[in-house]
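So you can see what is in the structure, the chains are spelled out below.
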Amino acid sequence: MGKDIKKLVIIGETKDGKVFRPSDWAERLCSLTSAVGNNKKLKYSQLVHPGHTPAGVKTVTVNPRLHQLDPLAWKFVIDFAKEHGLQFEAIPAPPGYTALTETFRARHSVRRFLPTPVSRDVVTELLELASRSPSGINAQPWKVYALTGNAREALSAALLERFAQDATEDREYDYYPDKWVEPWLSRRRKLGFDLYGLVGIPKGNKSRVKEQAGRNYLFFDAPVGLIFTFDRHLAQGMLLDYGIFIGHLIIAAQARGLASCMQTAFADYPQTVRRHLGISTHEMIVGGLALGYRDPEAPENQIITEREPVEAFTTFKGF
Ligand SMILES: Cc1cc2nc3c(=O)[nH]c(=O)nc-3n(C[C@H](O)[C@H](O)[C@H](O)COP(=O)(O)O)c2cc1C
């Protein structure tokens, strides 16, 4: 249901044009799927919320995802509208929107890939799409080293050797803070617990944790590994452009049936990466990306990370 519907609007007017009463019907209906927020006030769900038509008639807007996420709530809301003879309006999704939202929702970081190769043509196509991303002054500050086959394996071998020796190299930029504070600390821990739990690493087993971390340098067995560099003549603000570029790239890959995992692990060994790939000292090693086909059987690929609700990170004003 609702595959190509962006939203369903239930209008507080019966089919014969009478305004539906009681006047707080919309708030009451929405309160069924609401929760109490930190400020002790009722917080409506993003999936069912009250509103008005331009003519001031009360409405309830329902996101069709409710059908999947909470079928009982969906049924209740729809039955309520039908029983009371309320008008409905299904707002169609613009062409391509549904496919795009599904691509966004389906993407997740993959940490074990199938050996199925990915051709240079496909990698080129994805990078070309990603390069459509915006950048300040249209600087396009990305530079990519795309590796497969022996080239990928040789870099992995060089890095794994360093990693096995517990070698450390000076990072060229700070990605993680020196000290973790909340809420970042808990989120980082949760990811670790979930990942280690799925791959069966018992708590405190340092050698297995190290082994799992080392898989980063194998690009998690992906047939293609990308290394990203950034011209040091630019200022750090342009790493924003870089992030958007990589965001475009991973979504393009997902839409093409490929999976990915962004990896700053490569920025832990900038000197080895630079030496191995003959990268100029003018270029900073930003990180890498594993690209290939997802292994559907792998336990580590079953992680679906949570997200905070929009209201938790957005301050709406004037809406
Ligand atoms: C800039 C960046 C760096 C990352 N570095 C690593 C990494 O080195 N190793 C790894 O396994 N995952 C890495 N990740 C993946 C994140 O852990 C992952 O995106 C996050 O847990 C959210 O999960 P999801 O991508 O499955 O939605 C990185 C992600 C980003 C955006």
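Residues numbered from 1 in each chain as written. Predicted model: local features only at pLDDT ≥ 70, side-chain atom pairs only at ≥ 80, totals over all residues.

J.: Honestly, the overall build of the protein chain in this entry has me stumped. Any pointers?
T.: Secondary structure assignment for the protein chain yields eleven helices and ten strands. Here the protein chain, with 319 residues, has 26% of them falling under the buried criterion. Contacts in the protein chain between residues far apart in sequence, at least 24 positions, make up 77% of those at least 6 positions apart. (Helix = DSSP H or I, 4+ residues; strand = E, 2+ residues; numbered from the N terminus. Buried ≥ 20, exposed ≤ 12 C-beta atoms within 10 Å, placed from the backbone. Contact = placed C-beta atoms within 7 Å.)

J.: For this particular structure, what's the right way to read the site of the ligand?
T.: Close to the ligand lie His108, Ser109, Arg111, Leu191, Asn216, Cys261, Met262, Gln263, Thr264, Ala265, Gly287 and Thr305, which account for all nearby residues. Counting residues per element, the shell around the ligand draws most heavily on strand E9 (residues 259-263), which supplies three residues. Partitioned by chemical class, the residues of the shell around the ligand number four nonpolar, seven polar and one charged. (Near = placed C-beta within 6 Å. Nonpolar A, V, L, I, M, F, W, Y, C, P; charged D, E, K, R; others polar.)

J.: Got a minute to help me understand the domain arrangement of the protein chain in this structure?
T.: Buried accessible area, meaning the area lost when the parts come together, often serves as the stated size of an interface. When its domains are assigned, the protein chain resolves into domain 1 (5-96) and domain 2 (108-302). Computed from C-alpha coordinates alone, the two centres of domain 1 and domain 2 are separated by 42 Å. (Domains from an automatic or database assignment.)

J.: I keep staring at the nonpolar core and nothing clicks. Help me out?
T.: Generally speaking, a soluble globular protein has its nonpolar side chains buried in company with each other. Judged by nonpolar contacts, the single largest core of 39 residues is most densely connected at Leu249, Ala253, Ala290 and Leu291. Here this core gets seven residues from one element, more than from any other, and that element is helix H9 (residues 239-255). Contact partners of alanine 253, with chain neighbours within four places excluded, come to Leu126, Leu258, Ala259, Ser260 and Leu291. Grouped together as the second largest cluster of nonpolar side chains are 14 residues, Ile10, Leu29, Val60 and Trp74 included. (Core = buried A, V, L, I, M, F, W, Y, C linked by C-beta atoms within 7 Å.)

J.: How do you make sense of the pairing of E9 when you look at a structure like this?
T.: Each regular strand carries side chains that alternate between the two faces of the sheet. Within E9, four of the five residues are buried, which leaves it mostly tucked inside the rest of the structure. With five bridges joining them, E9 and strand E10 (residues 283-292) adopt antiparallel strand pairing. If you follow serine 260 over to E10, its bridge partner there is leucine 291. (Pairing = 2+ DSSP bridges.)

J.: What am I meant to see in the sheet that holds strand E4 (residues 48-52) here?
T.: Spatial strand order, E4-E5-E1-E6: four strands in an open sheet with antiparallel pairing. Unpaired on one side and paired on the other, E4 and strand E6 (86-92) mark the two borders of the sheet. When strand polarity is set aside, the average angle formed by the axes of neighbouring strands in this sheet is 25°. Sheet analysis places strand E1 (residues 5-14) next to strand E5 (residues 58-62), joined by four bridges and oriented antiparallel. Paired with isoleucine 10 across the strands is valine 60, a residue of E5. (Axes fitted to C-alpha atoms, helices over the stretch in contact; angles between N-to-C directions.)

J.: I keep staring at the packing of helix H6 (residues 149-164) against helix H10 (residues 270-277) and nothing clicks. Help me out?
T.: When two helices pack together, their arrangement is given by the angle between the helix axes and by the axis-to-axis distance. Two numbers describe how H6 lies on H10: the axes approach to 10 Å, and their chain directions differ by 150°. As the angle between them shows, H6 and H10 are arranged roughly antiparallel. Viewed along their axes, H6 and H10 form a crossing whose handedness is right-handed. For the pair formed by H6 and H10, the contact residues are Leu155, Ala158, Leu159 and Arg162 on the first element and Thr272, His276 and Leu277 on the second. Class assignment for the residues of the contact of H6 with H10 results in four nonpolar, two polar and one charged. (Parallel < 35°, antiparallel > 145°, perpendicular 65-115°, else oblique. Left-handed = near helix turned anticlockwise from the far one by under 90°.)

J.: Mind showing me how you'd approach the sheet that holds E10 here?
T.: Hydrogen bonds between backbone groups are what pair the strands of a sheet, and the pairing can be parallel or antiparallel. Strand order in this open sheet of four strands is E7-E8-E10-E9, and the pairing throughout is antiparallel. Only two strands of the sheet have a single partner each, and these edge strands are strand E7 (143-148) and E9. Direction aside, neighbouring strands of the sheet carry axes that sit 20° apart on average. Contacts from H10 reach E7, strand E8 (224-231) and E10, with the element oriented near 80° to E10.

J.: Is there a simple way to think about the packing of helix H5 (residues 120-130) against H9 in this case?
T.: The contact between H5 and H9 brings their axes to 8 Å, and the two run at 135°. In terms of axis orientation, H5 runs oblique to H9. As for the relative orientation of H5 and H9, their crossing is right-handed in sense. Contact with H5, carried on its side by Leu126, Leu127, Leu129 and Ala130, involves Phe245, His248, Leu249, Ala252 and Ala253 of H9 and no other residues of that element. Residues of the contact of H5 with H9, tallied by class, amount to eight nonpolar, one polar and no charged.

J.: Is there a simple way to think about the pairing of E1 in this case?
T.: Of the pairings in the sheet, the one linking E1 to E6 comprises seven bridges and is antiparallel in character. By the bridge assignment, isoleucine 11 is partnered in E6 with glutamine 87.

J.: What should I look at first to understand H5 in this one?
T.: Because each turn of an α-helix spans 3.6 residues, side chains separated by three or four positions end up pointing in the same direction. Buried within H5 are the following residues: Val123, Leu126 and Ala130. The buried residues of H5 occupy an angular sector of 65° when projected down its axis, which confines them to one face. Those residues of H5 that are exposed and angled more than 90 degrees off the buried face are Arg120, Asp121, Thr124 and Glu128. On its buried face, H5 is in contact with E7, E8 and H9. (Arc of directions from axis to C-beta.)

J.: Sorry if this is basic, but what is going on with the environment of leucine 86 here?
T.: Tracing the backbone shows leucine 86 in strand E6. The spacing of leucine 86 and aspartate 16 is 70 residues in sequence and 9.3 Å in space, taken between C-alpha atoms. In this view, leucine 86 contacts Ile10, Ile11, Gly12, Thr14, Phe20 and Ala81; residues no more than four positions away in its chain are not counted.

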